[in-house]
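Next come the chains, spelled out residue by residue.
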Amino acid sequence: MTNSQLRRPDDPTTAPVTPASEIDSRFGPRASSLESFAEAVEHSDMLAESDLEQLFTCSGGRTRIADILRRARVNAGSSVTDTDSDRIGAMLPPELTPVVNGATREAAALYLLALFSAAPRVTSEIVHLVHVAFAAAKVTASAASSPEDLTSFLLDQGLLTIPNGTDVVFTVPPLIRRLMRRVIATESSTAEKTPREALGAAIASKFGRMRPDDRSGLVEIVDLVVETRHWKVLERAWARRSVNVFLDAPTAIKAYLGVPEDVLAKNPILTLARSAARRIDSTRLKLGSDVGPTVLAATDFDSIVLPELHGLLFAEPDLVLTADEVAVLTTLEARTHRLNKDYKRALTLLDAGRERLRRLGEAEPGPTLMLQAELNLEHGRNLSAAGHFPEATAMLQRVVQFAEIYAPNSPHPLLTGLVEAGLAGMGHGRGSDMDRSLTRARQNAARFGMDTLPDELTARCVELMRSLDRLELTAAERLLEGLDSAKPTGSLGPIPDIIRSLHLVYQGRASIAAKLLTESTHVRFLPMVSVSSARFSGVLNIASFVLMAAGEKKALQELGDHLNPHSPGYPIVKARQALAFGQHDLLWSETGRMLTGDQGPRLKSSAAALRADILHHEGRADEALEAFIHVLDYCSLTSSVLAIAQLSKQTRDALVSASADHPGWTALARSFADEEVTPTELQKRLLDLPESSQTVPDFQTDLTPAELSLLFAIDSPKSVAQIAREFGVVPGTLKNRLSALYRKLGVRNRTEAVAHAHRRR
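Each value, and the rule that gives it
Numbering of residues starts from 1 in each chain and follows the order in which that chain's sequence is written. Selection of residues for local features in this predicted model requires a pLDDT of at least 70, selection of side-chain atom pairs for listing and counting requires 80 or more, and totals for whole chains, interfaces and linings are taken over all residues. Derived side-chain values reflect all non-hydrogen atoms in the structure, with water molecules and hydrogen atoms excluded from consideration. Put simply, DSSP marks the helices as runs of H or I at least four residues long and the strands as runs of E at least two long, and each gets a number from the N terminus on. Based on C-alpha atoms, the radius of gyration is set beside the globule rule, defined as 2.2 Å times the residue count to the power 0.38. Think of it in three bands: residues with accessible area under 20% of the maximum for their type are buried, residues over 50% are exposed, and the middle band is partly exposed, with areas taken using a 1.4 Å probe on protein chains only. Pairs of residues are marked as contacts when any of their non-hydrogen atoms sit within 4.5 Å. Using a 1.4 Å probe, the Shrake-Rupley method yields the accessible areas, and only the shown protein chains count as cover for residues. Lys and Arg are tallied as positive, Asp and Glu as negative. Neither His nor the chain termini are counted. Note on charges: their place is set at NZ of Lys, CZ of Arg, CG of Asp or CD of Glu. The salt bridge criterion pairs a side-chain nitrogen of Lys or Arg with a carboxyl oxygen of Asp or Glu, the two atoms within 4 Å. The nonpolar core is taken to be a set of buried Ala, Val, Leu, Ile, Met, Phe, Trp, Tyr and Cys residues, with the residues joined through side-chain atoms within 4.5 Å. Our arc is simply the arc of the directions from the helix axis toward the C-beta atoms. Only Phe, Tyr and Trp rings take part, Trp by its six-membered ring, and two of them pair if their centres are within 6.5 Å. Stacked means planes under 30 degrees apart, edge-to-face means over 60, and tilted covers everything else. With axes taken as lines fitted to C-alpha atoms, and helix axes fitted only over the stretch in contact, angles between N-to-C directions fall between 0 and 180 degrees. What sets the label is the angle itself: under 35 degrees gives roughly parallel, over 145 gives roughly antiparallel, 65 to 115 gives roughly perpendicular, and the rest give oblique. Take the far helix as the reference: if the near one is turned anticlockwise from it by less than a right angle, the crossing is left-handed, and if turned clockwise, right-handed. Polar here means any residue outside two lists: the nonpolar Ala, Val, Leu, Ile, Met, Phe, Trp, Tyr, Cys and Pro, and the charged Asp, Glu, Lys and Arg; Gly therefore counts as polar. To estimate how far a helix should extend, the number of its residues minus one is multiplied by 1.5 Å. The definition of a polar contact used here is a pair of N or O atoms within 3.5 Å, where within protein one atom must be able to donate a hydrogen and the other to accept one, and adjacent residues in sequence count solely through side-chain atom pairs.

*Asks:* Could you clarify how one ought to interpret the overall build of the chain in this entry?
*Replies:* Assigned secondary structure in the chain consists of 44 helices and 0 strands. Taken over the C-alpha trace, the chain has a radius of gyration of 37 Å; the compact-globule value for 761 residues is 27 Å, which it surpasses by more than 25%. Dimensions of the chain, computed from C-alpha atoms along their principal axes, come out at roughly 130 × 55 × 55 Å. Taken over 761 residues, the chain has a buried fraction of 56%. Taking the contacts inside the chain whose residues are at least 6 apart along the sequence as the reference set, 69% of them involve residues at least 24 apart. Here the chain has roughly 32700 Å² of accessible surface; of this, 52% comes from carbon and sulfur atoms. If the 86 positive side-chain charges of the chain are averaged to one point and the 93 negative ones to another, these points end up 6 Å apart.

*Asks:* What's the story with the pattern of salt bridges in this structure? I'm lost.
*Replies:* If the charged atoms of two oppositely charged side chains come close together, the side chains can form a pair. Under the defined criterion, the tally for this structure stands at 34 salt bridges. Measuring nitrogen to oxygen at the nearest pair gives 3.6 Å for the salt bridge that ties R236 to D324. Remark: D324 occurs in helix α20 (residues 323-339) and R236 occurs in helix α13 (residues 231-241); sequence separation between them is 88 residues. Residue classification places R236 among the partly exposed positions, given a relative accessible area of 41%. With a relative accessible area of 9%, D324 lands in the buried category.

*Asks:* How should I be thinking about the nonpolar core in this particular structure?
*Replies:* Among soluble globular proteins, nonpolar side chains are generally buried collectively. Judged by nonpolar contacts, the single largest core of 237 residues is most densely connected at F116, W238, F246, Y256, Y506, F628 and I644. Ignoring sequence-local partners within four residues, the contact set of W238 consists of V243, V245, F246, Y256, I269, L272, A273 and A276.

*Asks:* I keep staring at helix α9 (residues 147-156) and nothing clicks. Help me out?
*Replies:* Each turn of an α-helix holds 3.6 residues, which means side chains three or four residues apart point in the same direction. Restricting attention to buried positions, one finds in α9 the residues P147, L150, T151, F153 and L154. Looking down the long axis of α9, one finds its buried residues gathered within 160 degrees of arc, a one-sided arrangement. The first or second residue beyond α9 is G158, which carries a positive phi of 75 degrees.

*Asks:* I tried to follow the environment of R620 on my own but got confused; where do I start?
*Replies:* Secondary-structure assignment places R620 in the loop between α35 (601-617) and α36 (621-638). On the basis of relative accessible area, R620 is assigned to the partly exposed category, the value being 31%. Those residues in contact with R620 that sit more than four places away from it in its chain are H584 and L615.

*Asks:* Just to check I follow, could you spell out the packing of aromatic side chains for this structure?
*Replies:* Aromatic ring pairs: the centre-centre distance and the angle between the two ring planes describe each pair. As enumerated under the stated definition, the model contains 10 aromatic pairs in all. Aromatic side chains F37 and F56 sit 5.1 Å apart centroid to centroid with 65 degrees between the ring planes, which places their arrangement in the edge-to-face category. In this pair, F37 is assigned in helix α3 (residues 34-40) and F56 in helix α4 (residues 49-58), connecting sequence segments 19 residues apart. The exposure class of F37 is buried, given its relative accessible area of 0%.

*Asks:* Sorry, what's going on with the environment of D223 here?
*Replies:* Take D223: it is sitting in helix α12 (residues 218-228). As a C-alpha pair, D223 and R73 span 150 residues in sequence and 30 Å in three-dimensional space. Aside from chain neighbours lying at most four places away, what touches D223 is P120 and T251.

*Asks:* Where do I start with the packing of helix α34 (residues 584-596) against α35 in this structure?
*Replies:* The relative placement of two packed helices is expressed as an angle between their axes plus a distance between the axes. It is at 9 Å that the axes of α34 and α35 come closest, and there the two elements cross at 160 degrees. The angle between α34 and α35 places the two elements in the roughly antiparallel class. For the crossing formed where α34 meets α35, the hand is left-handed. Contacts between α34 and α35 involve H584, L587, W588, T591, G592, M594 and L595 from the first element and L603, K604, A607, A608, L610, R611, I614 and L615 from the second. Partitioned by chemical class, the residues of the contact of α34 with α35 number 10 nonpolar, 3 polar and 2 charged.

*Asks:* Mind showing me how you'd approach the packing of α36 against helix α38 (residues 649-658) here?
*Replies:* Orientation of α36 relative to α38, taken along the N-to-C sense of each, is 75 degrees, at an axis distance of 10 Å. By the angle class used here, α36 and α38 are roughly perpendicular. Every residue of α38 that contacts α36 at A624, L625 and F628 is listed here: L655, V656 and A658. A per-class count over the contact of α36 with α38 returns 6 nonpolar, no polar and no charged.

*Asks:* Before we go on, may I ask you to explain α36 in this structure?
*Replies:* The end-to-end C-alpha distance of α36 is 25 Å, a good match for the 26 Å that 18 residues give at a rise of 1.5 Å each. Those residues of α36 not exposed but buried are A624, A627, F628, I629, V631, L632, C635, S636 and T638. Of the surrounding elements, those touching the buried residues of α36 are α25 (431-447), α26 (456-469), α35, α37 (642-645), α38 and α39 (663-670). One or two steps after α36, the chain reaches S639, where phi turns positive at roughly 55 degrees.

*Asks:* I keep staring at the side chain of D281 and nothing clicks. Help me out?
*Replies:* Mapped onto the secondary structure, D281 falls in helix α17 (residues 268-287). Of the polar contacts made by the side chain of D281, one reaches the side chain of R284; its length is 2.4 Å. Excluding residues that lie within four positions of it along the chain, D281 makes contacts with I253 and L257.

Keep in mind these numbers describe shape, not what the thing actually does.
If you want it as structure tokens, here you go:
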């Protein structure tokens with residue numbers, strides 16, 4: 001059909017529609033059909049039928065707007081089919097901008113149209129939100145016409161249309177919507193609030209009433225916030241939902257990235273949210289995926305630090321901060337200290353931040369539950385890193401409880417809380433709690449559509465340790481295969497390499513295990529021994545066991561020599577060193593410190609095992625068996641056979657066989673909550689282990705620690721003068737000490753002393 005055929009003056013449909021004066025004065029008369037529209041638009045016969053239909057739809061049949069746009073395109077040399085939004089907006093002259101004033105029904109309808117036009121998509125949620133905004137604006141004519149009545153009026157006028165086959169309830173013709181978005185102010189005679197103010201009030205009300213696990217309408221809210229630049233709502237969204245917002249509303253990435261710099265400069269919460277949006281957007285591009293759960297799990301939010309906010313919490317004591325801002329700043333600054341391994345300073349900062357929250361007073365609202373949970377999560381991580389495992393476990397359990405009650409349908413902080421609780425359990429020794437935490441984390445991740453956990457490497461390390469606790473070496477092998485592919489994290493430090501070395505010992509490859517530790521850039525023995533964290537006492541326990549299993553007496557001696565006597569890891573290392581050299585009294589005193597201390601059952605089980613080992617080597621079988629029964633008790637608490645596996649094979653075989661019928665084995669097997677792990681199966685796994693102590697205690701020559709250090713020092717190409725400098729004495733004094741050592745060993749010189757040491761290894 002041609003345009004000339006469309007124009008039939010005798011057709012009754014071309015008869016002019018009775019105008020609604022207010023509406024027609026703003027947009028021009030409306031053509032009720034394509035035919036009448038073609039008749040009214042100048043030079044319409046020069047347009048293709050599809051172009052004419054597009055112009056008719058975009059303008060809502062308003063011929064004045066269509067005519068002006070057509071002429072502007074001609075004048076600008078633009079194609080009639082040009083759909084670029086910015087160019088079209090520039091072509092609509094300022095005089096077309098509607099002015100909403102007066103107390104008439106038509107003015108109220110235009111106000112409602114401005115509200116509808118602000119939304120990119122008018123879904124059922126937006127319809128409800130617009131009606132709430134209309135009520136909040138206190139439109140003068142609203143008493144005579146409800147928003148429902150005015151919505152019907154707008155439909156009748158073609159200013160709202162009903163699309164087919166989508167979840168969109170209404171659409172505003174694009175040109176009409178473009179013009180209505182220019183309405184930024186209204187006369188006081190029309191309403192008490194501008195459309196933007198009214199929408200802001202409605203959005204805030206809607207968001208304030210949403211439950212933490214309610215996602216309905218969140219996408220629309222985020223999109224509307226971007227259109228209205230109501231940034232306070234984005235701040236509130238982050239405070240209530242944190243990284244979950246990227247799953248709740250994928251468009252939130254773009255929304256937070258679009259927050260203006262001048263707004264960010266005054267808002268720590270939005271600064272953090274924008275950094276998180278950058279991080280997840282980078283991950284999305286790297287993976288080439290828009291699958292929300294996959295991208296969220298692969299994004300490392302925990303390493304986000306913001307130097308520009310560092311120190312803000314206390315740099316300006318008079319700076320007024322909300323409780324939410326205090327919680328965010330405390331969390332971020334504590335994280336910075338933790339990543340720098342300054343756990344003491346982090347914990348001090350956390351205490352100070354909590355004190356500032358308490359000083360806000362009862363009149364001030366506290367932080368949101370989400371930000372409080374994130375503060376607890378950071379606190380729990382620092383407590384765990386500092387070796388305060390019972391306190392860390394309690395703090396992390398609070399995080400998990402919050403998530404299960406208030407955000408059960410969101411992955412954060414539930415998954416991270418469960419994984420971190422498992423890691424704290426690995427330090428403290430409650431193996432059954434570790435199993436439950438990781439099982440629940442995996443189950444919930446699957447429920448959220450995640451193939452991996454946000455803290456996958458940490459989870460795999462905990463699961464790998466648990467498989468070694470049960471001596472399930474095949475399962476451990478499978479876990480090791482995926483360890484390198486997991487997202488790296490800076491919070492684990494030497495733990496992955498320590499666990500790898502333990503697995504190698506259980507495979508009978510102790511020499512390779514010792515080489516892994518001594519060459520690992522993550523373990524770094526010398527810097528590590530100065531760390532006062534009790535967390536490293538467990539690390540040093542396994543490290544010293546690996547060195548012992550490889551027969552590395554010298555490395556074990558050097559490790560003990562460099563340790564601070566006040567370090568939590570000092571007693572277990574010195575006790576294992578005492579076993580290597582047959583020093584009964586030293587072993588007994590150092591293990592006594594462990595058994596009466598607060599290091600937890602995992603380390604205590606190792607201390608008791610060292611006592612059983614030396615007693616057996618001394619031929620005191622009954623006392624060794626009695627000590628071994630205590631080992632079983634501790635192992636039941638830890639749900640681990642680590643301590644038994646550390647026994648020399650001779651001692652292990654003898655004591656496992658002698659105690660085979662003891663009920664302690666039943667309790668130990670039951671602690672794994674696995675029907676396949678029976679007392680008989682556990683005993684078999686332990687008896688099948690290769691030798692885990694290549695060093696036979698030397699009871700013939702009882703050297704002091706200082707004499708052992710000197711013996712190891714001369715087993716090197718260093719000169720006497722160099723060794724003297726290392727020991728802080730003059731060469732003459734060192735020669736006197738060497739002479740005394742030679743007499744004690746029954747040798748004549750340095751060469752024979754070194755040879756004697758090698759024979760005793």
